[in-house]
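# Chains, contacts and geometry: an overview
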Amino acid sequence: METKKILIVGAGGFGREVQWLIERINQKALTWELVGYLDDGVEPQTMINGCRVLGGIDKLREYGSEISVAIAVGSARTREKIADRIKAIGNFQFPNLVDPDVQMSGFLQIGEGNIICAGNIFTVNITIGDFAIVNLSCTIGHDAAIGSFVTVYPGVNISGNVQVGQRTELGTGSKIIQGIAIGEDTIVGAGAVVVRPIPGGCVAMGVPAKSVKTSQHTGGGYKRLLVVGSSGHGKVIKDLASCIGYYQEIQFADDNPDQAEDGPVIGGSQDVFRHKGDSDVIVAIGNASVRKRLQEAYEAEGMSVVSLIHPQASLPYEMPQIGAGTVVMAGACIQAGVSLGKGVIVNTASSIDHECRIGDYVHIAVGAHLAGNVKVGNGTWIGAGAVVSNNVSICGEVTVGAGAVVVKDITESGTYVGVPARKI
């Protein structure tokens, strides 16, 4: 049997796994001649597990339609962009690579360019689009429909009649019960259990999984996060992002790089602009004016500024869209009807009751509690352990001291302390 030539696009960890997948296929029946890797970010002639990086994606211009291409990139959106770019170069073949260990029925409809790794079990009447990745040891039940460019990470269990929209990513060990629909461009966090429909363009986390509208997070679709600020707050944000389980790489940017002790530093806050198009960004600086200045600068350049919600935060099932750059820490509790502006920090073990309206660049500090229907203006700081009574409005640029109790409206900027809170 004559072998067919194939190139792997993407020389990272998953690319190496696809190389191994090709080797396993060849052990069963000699099918492929692996020509090499293509990767824009790796020096040509680099050797990877005995296989050479030939150059970037534009190297494909030297090949004809007889060459096959496997896109070994985990990020769904990035994979779609690469597929479009390759198709614009020429008419190449995109075979389905299926590990010999996979168990699947003959009643399966599958498109092109899919990568299905070892240990998977597909039952009957399943539909899979184009360029999907189903990683190690997953199960997919009867009549499920998996859209194009979906990424299914290891150990996922998809029950029967589940619908998964295009470019959605199902995190490691997540589970979806029967009959559930998950929209396009959604991220289901590692270990989540999905028992209700999940809309498109959101992140769903927890047991049971709850959805948070964070289109800023999925808009970039990048697997690297840049945390601007490497002090204590930055370290907490890095840990939060790690708990979500989405990012493959988390790096700091800091104008004082010597203080970074918990990870690599790419440079200062201005160096972040060089990573437009390959990284998400979050500004992890407590000072509201600095946070606002940097975030607005990044947004003005079209960078992907994300929101991050800790898996151990308590959220209502129907969460309104929150602003870009907002973070919700572990143990925070947010009730129904709340809206959060841009660049908000909802810190550990704080609570925000029903129908509160929180402005931009507000900080709700550790253990602070806002009763129902509270309104907080832009740039305000609610100190640790402070309490705000229901129906109270606080204007912008206010500092509420630690332990203060606010029982009436604050209409003038300044610092307020005590029980009840008074201006000083």
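Residues numbered from 1 in each chain as written. Predicted model: local features only at pLDDT ≥ 70, side-chain atom pairs only at ≥ 80, totals over all residues. Heavy atoms only, no water.

### Describing the sheet that holds strand β22 (residues 193-194)
Taken together, six strands build an open sheet; the order of strands is β7-β10-β13-β16-β19-β22 and the sheet is parallel. Of all strands in the sheet, those bounded by a partner on one side alone are β7 (103-104) and β22. The sheet contact formed by strand β16 (residues 157-158) and strand β19 (residues 175-176) spans two bridges and is parallel. Across the sheet, Asn 157 pairs through a bridge with Lys 175, a residue of β19. (Pairing = 2+ DSSP bridges. Helix = DSSP H or I, 4+ residues; strand = E, 2+ residues; numbered from the N terminus.)

### Concerning the side chain of Asp 254
With respect to the helices and strands, the residue Asp 254 is situated in the loop between β26 (249-253) and β27 (280-283). Lacking a salt bridge, the buried Asp 254 has Lys 235 as its closest oppositely charged neighbour, with an N-O distance of 9.7 Å. (Buried < 20%, exposed > 50% of the residue type's maximum accessible area, 1.4 Å probe, protein only. Lys, Arg positive; Asp, Glu negative; His and termini not counted. Salt bridge = Lys/Arg side-chain N within 4 Å of Asp/Glu carboxyl O.)

### Things to note about the pairing of β27
Here β27 shows a buried face lined by Asp 280 and Ile 282 and a second buried face lined by Val 281 and Val 283. Across four bridges, the pairing between strand β25 (residues 224-228) and β27 is parallel. Within the sheet, the bridge partner assigned to Leu 226 lies in β27 and is Val 281. As judged from the two bridges shared by β27 and strand β28 (residues 304-305), these two strands associate in the parallel manner. Directly across from Val 281, in β28, lies its bridge partner Val 305.

### Section: the packing of aromatic side chains
What characterises a pair of aromatic rings is the spacing of the ring centres plus the angle enclosed by the ring planes. The full count for this structure, using the stated rule, is three aromatic pairs. Both rings, one in Phe 131 and one in Phe 149, keep their centres 5.3 Å apart while their planes meet at 10°; by these two values the pair is stacked. You can see Phe 131 sitting in the loop between β11 (126-128) and β12 (133-134) and its partner Phe 149 sitting in the loop between β14 (145-146) and β15 (151-152), a full 18 residues away along the chain. The same class applies to Phe 131 and to Phe 149, which are both buried. Linked through ring pairs, Phe 94, Phe 131 and Phe 149 together constitute an aromatic cluster. Directly above the aromatic system of Trp 32 lies the positively charged group of Lys 4, at a separation of 4.8 Å from the ring centroid. (Phe/Tyr/Trp six-rings, centres within 6.5 Å; stacked < 30°, edge-to-face > 60°. Lys NZ or Arg CZ within 6 Å of the ring centre and 35° of its normal.)

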